[in-house]
Amino acid sequence: MDSEDVTANEDGKTGYRKWALVGLVAIVAGGGGLWLGSQGPEPQWPEDKEKAEAIALPAEDIRAAKPVVDENMVRGIINPSSESTVASKMTARIIAMPYSEGQSFPAGALLARFDCSQISAELNAARAATAAYRKTYDTNVELDLYEAVGKNEVAVSKANLGKAEAEANAVASQLSDCEVRAPFAGKVVEQIARNKEIAASGQPLLKIQSGREVEMELIVPSKWLTWLEPGATFAFTIDETGNVIRGRVKRFGASVDPVSKTIRVIGVVTEQSGLVLAGMSGTARFDDPRAGGIAPTIAKSDGKPS
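Here the structure is a predicted model, which is why all the values come from computation and not from measurement. (Residues numbered from 1 in each chain as written. Predicted model: local features only at pLDDT ≥ 70, side-chain atom pairs only at ≥ 80, totals over all residues. Heavy atoms only, no water.)

## Comments concerning the nonpolar core
- Residues Phe105, Leu111, Phe114, Leu205, Leu206 and Ile208 are the most contacted members of the largest nonpolar core, which totals 25 residues.
- Of all the elements in the fold, those that place two or more residues in this core are β3 (92-96), β5 (110-114), α4 (117-145) and β9 (204-210).
- Membership of the second largest hydrophobic core comes to 22 residues, among which are Ile78, Leu218, Trp224 and Phe234. (Core = buried A, V, L, I, M, F, W, Y, C linked by side-chain atoms within 4.5 Å. Buried < 20%, exposed > 50% of the residue type's maximum accessible area, 1.4 Å probe, protein only. Helix = DSSP H or I, 4+ residues; strand = E, 2+ residues; numbered from the N terminus.)

Encoded structure:
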């Protein structure tokens, strides 16, 4: 083999080794890239600039951007001071229901009347029987003065009179249930039964609640019990109308909720303007600065504020 063939053969081997080394480096680099990619989550690219800025925002800035909650403000709802479900005391047909849903009524107003014609007839019969037994008893008493009747007959006639009177009173008490009167002034919330229907004994007829007298139920932090007392004043802003009414604390709930660390507070309205209805909700702001975590100024013995 001459020198030119040897030189060409060596050059070919050198080129082969060079390209083999390059390929090996590429394979190693590719494998390393796959390994690094498997060690972390795949990056999610936002669709717009605003999302990109939100992702890039540091955690400290995100916490600082949250709205600050005013600790002086608590949520509440307006409830009626009195509410009741009017029910029937007898099984009879309804012949009158003067008030419908949303209508107001005074205390003692007729809410429902039943058909009691049969009971009225029974009462008349019981009263007639009572009158007859009374006449018999009176006659026996008069005859007894002349010893014209036995003592036993006088006693029996007296017992019969007492029985007749008791039966008449029982029927009269049933007759008093033929009308349902309003226990307080208010409004009809729901009309459950309808006119001309036959109501069963104990069946609900109407749901009523006090009209003008309302209460505010607030949920306040239980730590406020260190300073909050009955008589504390607050302003209540109604969500539905935007009106602001004034109130004061009347009483507290029976217990503290151990999970939320809150307690129920009942307040009464002292000043109001505009429409105020039960079921409205709103926000109460107490006048006492301690409601917002601000300690009050305490005067020193020399009279100067600290």
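## Here we look at the confidence of the model for the protein
- Predicted confidence across the protein gives a mean pLDDT of 78, with 72% of residues reaching 70 or more.
- In this model, residues 32-38 is a region of pLDDT below 50 whose contacts with residues beyond four sequence positions or in other chains number zero contacts.
- Confidence drops under pLDDT 50 across residues 294-306; counting only partners more than four residues distant or on other chains, this segment forms eight contacts. (pLDDT = per-residue confidence, 0-100. Contact = heavy atoms within 4.5 Å.)

## A short note on the sheet that holds strand β10 (residues 214-221)
- With respect to topology, six strands assemble into a closed barrel ordered β1-β10-β13-β12-β11-β14, the strand pairing being antiparallel. Adjacent strand axes in the sheet meet at a mean angle of 40° when their direction is disregarded.
- Sheet topology places strand β1 (residues 73-80) next to β10; five bridges connect them, and they run antiparallel. Each residue of the ladder has a partner; that of isoleucine 78, found in β10, is methionine 216. (Pairing = 2+ DSSP bridges. Axes fitted to C-alpha atoms, helices over the stretch in contact; angles between N-to-C directions.)

## Quick look at the sheet that holds β9
- Spatial ordering of the open sheet is given by β2-β9-β7-β4, a layout of four strands whose pairing is antiparallel. Both outer strands of the open sheet, β2 (83-87) and β4 (104-105), are each paired with one neighbouring strand and no more.
- Relative to strand β7 (residues 186-191), β4 is paired through two bridges, and the arrangement is antiparallel. Directly across from serine 104, in β7, lies its bridge partner lysine 187.

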